[in-house]
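Chain by chain, the residues run as shown.
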Amino acid sequence: MAVWDDVVGQDRVTAQLAAAARDADALVSAERAGRSGPVEHSGQSAQSGQDPALGGPPSPPSADPGGASQMTHAWLFTGPPGSGRSTAARAFAAALQCVSPDRALGGAPGCGFCDGCHTALIGTHADVEIVRTDLLSIGVKETRDLVRRSSLSPSGGRWQVIVLEDADRLTEGAGNVLLKAVEEPAPRTVWLLCAPSVEDVLPTIRSRCRLLSLRTPPVDAVADVLIRRDGIEPEAAGRAARATQGHIGRARRLATDERARSRRAAVLKLPLRVDDIGGCLKAAQELIDAAGEDAKQVAEEVDTKETEELRAALGAAAGTGGRLPRGTAGAMKELQDKQKRRSTRTQRDSLDLALVDLTGFYRDVLALQMGASVPLANDEVRDSVQRIATASTPARTLRRIEAVIACREALDRNVAPLLAVEAMTVALRAG
């Protein structure tokens, strides 16, 4: 199974990445044969060559009819949530590290089975650094560590690949630190940046990257992946894919996690509970409490382990609560601050997920009101959708959708979550 199989509904993107992986393989092979230099940042032609380690024929030439190399040193993957930005970046990283013997017989890089592909995909390859954050932002210190890592030569002799899954969370200072590394990378370093849109990345950085725009995958394609890769029953897979409107990660979670289904069912009842101010305030508080519970569960799973590991590293026996050596209080305080920021991020992400589900509910309401011939995302609560559609007008539904969007924007601006959600539920009542 090729590494591209998990990149769902992105045929154009995978074709570009596959062509680049072939050119990258040709560059490595030619350099090993002593007939070429490292990757050309200016897009010059890639020369074909023979990899002596493989003992086979020359790698395929560039797929570009003009002969220009499809490979470059920095890529920016953009697309809506659930489009598979990070999945595509990881697949490309794996293809760059592919060492399959099949390539000697004309096979394309990215077999999915060799040691290079396997370790890159699961995140254990020595030359592939996958960076994601569960905090609100990526700061200067973390970015400087990445830049230092990017200057190293690949230990395996192919490529040093940095996959930055949350490039949109770089602070301005961190972005400026990254700029120099992207502008003048080491000869065998490739940067793969992921962000929802080009506007989420500094103009100076995105102008130095090759842009790949992903789209929301078709619902049928997402359902097929859930059936094929996760062994989910077809009916449940189709229901989850429809409910999330093609968001792969959310669909998988919804199909496999009973708690996620319960939370979503509770959110879809909210439109029927905002008939009075008391109901609005109660519904808002319940949404906040549910998000807080998610953050608490993450803390229980991760924070205790992190704290005990740090205490042991600093010289205190694990599980004893013993006194820490002098001078180590700062390290413990830094960890506590990190855990607090992670809890805030988890709570906001959980709340945002609920708001996305709420938007989908009103989208279905509007579809019924307008007589649109599209399948409902929330067909399991069709009676509730029909009830709201009959009792209101398309104009009121649009105002309610705008209220949910305004709540999400307020949360992005660090408005107190309870105040933002209370304002939204009151607006939903008014329509």
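Residues numbered from 1 in each chain as written. Predicted model: local features only at pLDDT ≥ 70, side-chain atom pairs only at ≥ 80, totals over all residues. Heavy atoms only, no water.

Here glutamate 172 shows up in helix H5 (residues 172-183). Under the relative-accessibility criterion, glutamate 172 is labelled exposed at 61%. As a C-alpha pair, glutamate 172 and glycine 139 span 33 residues in sequence and 8.6 Å in three-dimensional space. (Helix = DSSP H or I, 4+ residues; strand = E, 2+ residues; numbered from the N terminus. Buried < 20%, exposed > 50% of the residue type's maximum accessible area, 1.4 Å probe, protein only.)

We now examine the packing of aromatic side chains. Inspection of the entire model under this criterion finds two aromatic pairs. Geometrically, the ring pair formed by tryptophan 75 and phenylalanine 92 is edge-to-face, given 5.1 Å between the ring centres and 70° between the ring planes. With tryptophan 75 in strand E1 (residues 74-78) and phenylalanine 92 in helix H2 (residues 85-96), this pair connects stretches of sequence that are 17 residues apart. A ring pair is formed by phenylalanine 361 and tyrosine 362, whose centres lie 5.5 Å apart and whose planes are at 85°; its orientation type is edge-to-face. Note on phenylalanine 361: relative accessible area 0%, which makes it buried. Residue classification places tyrosine 362 among the buried positions, given a relative accessible area of 1%. Positioned above the aromatic ring of tryptophan 159 is the side chain of arginine 188, whose terminal nitrogen or guanidinium carbon lies 5.5 Å from the ring centre. The ring of tryptophan 75 carries the charged tip of arginine 210 above its face, separated from the ring centre by 5.1 Å. (Phe/Tyr/Trp six-rings, centres within 6.5 Å; stacked < 30°, edge-to-face > 60°. Lys NZ or Arg CZ within 6 Å of the ring centre and 35° of its normal.)

Orientation of helix H12 (residues 329-370) relative to helix H13 (residues 382-391), taken along the N-to-C sense of each, is 60°, at an axis distance of 9 Å. Between H12 and H13, the crossing angle belongs to the class labelled oblique. At the point where H12 passes H13, the crossing takes the right-handed sense. Here H12 contributes Phe361, Tyr362, Asp364, Val365, Leu368 and Gln369 to the contact with H13, which in turn contributes Arg382, Ser384, Val385, Gln386, Ile388 and Ala389. Looking at the contact of H12 with H13, its residues break down into seven nonpolar, three polar and two charged. (Axes fitted to C-alpha atoms, helices over the stretch in contact; angles between N-to-C directions. Parallel < 35°, antiparallel > 145°, perpendicular 65-115°, else oblique. Left-handed = near helix turned anticlockwise from the far one by under 90°. Contact = heavy atoms within 4.5 Å. Nonpolar A, V, L, I, M, F, W, Y, C, P; charged D, E, K, R; others polar.)

On to helix H1 (residues 11-32), then. Here H1 is 22 residues long and its end C-alpha atoms lie 32 Å apart, about the 32 Å a rise of 1.5 Å per residue gives. Just downstream of H1, glycine 34 is the residue with a positive phi angle, here 80°. (Expected span 1.5 Å × (residues − 1).)

Here the focus is the sheet that holds strand E5 (residues 210-213). On the basis of which strands lie adjacent, the open sheet formed by five strands has the order E2-E3-E4-E1-E5 and parallel pairing. The open sheet has two edge strands with one neighbour each: strand E2 (128-131) and E5. Ignoring which end each strand starts from, the neighbouring axes of this sheet average 15° apart. Set on the sheet, H2 makes contact with E1, E2, strand E3 (160-164) and strand E4 (189-195); between it and E4 the angle comes to about 165°. (Pairing = 2+ DSSP bridges.)

A few words now on H12. For H12, built from 42 residues, the straight-helix expectation of 62 Å at 1.5 Å per residue is met to within 8% by its first-to-last C-alpha distance of 61 Å. Just beyond H12, the residue with positive phi is glycine 371, at close to 70°.

Taken as a whole and judged by the stated rule, the model has 23 salt bridges. Residue glutamate 165 is joined to arginine 132 by a salt bridge in which the shortest nitrogen-to-oxygen separation is 3.4 Å. Of this pair, glutamate 165 sits in the loop between E3 and H5 while arginine 132 is found in the loop between E2 and helix H4 (140-150), placing the two residues 33 residues apart along the sequence. Glutamate 165 gets classed as buried once you look at its relative accessible area, which sits at 12%. One network of salt bridges, in which partners are shared, links Arg250, Arg264, Asp357 and Glu380. (Salt bridge = Lys/Arg side-chain N within 4 Å of Asp/Glu carboxyl O.)

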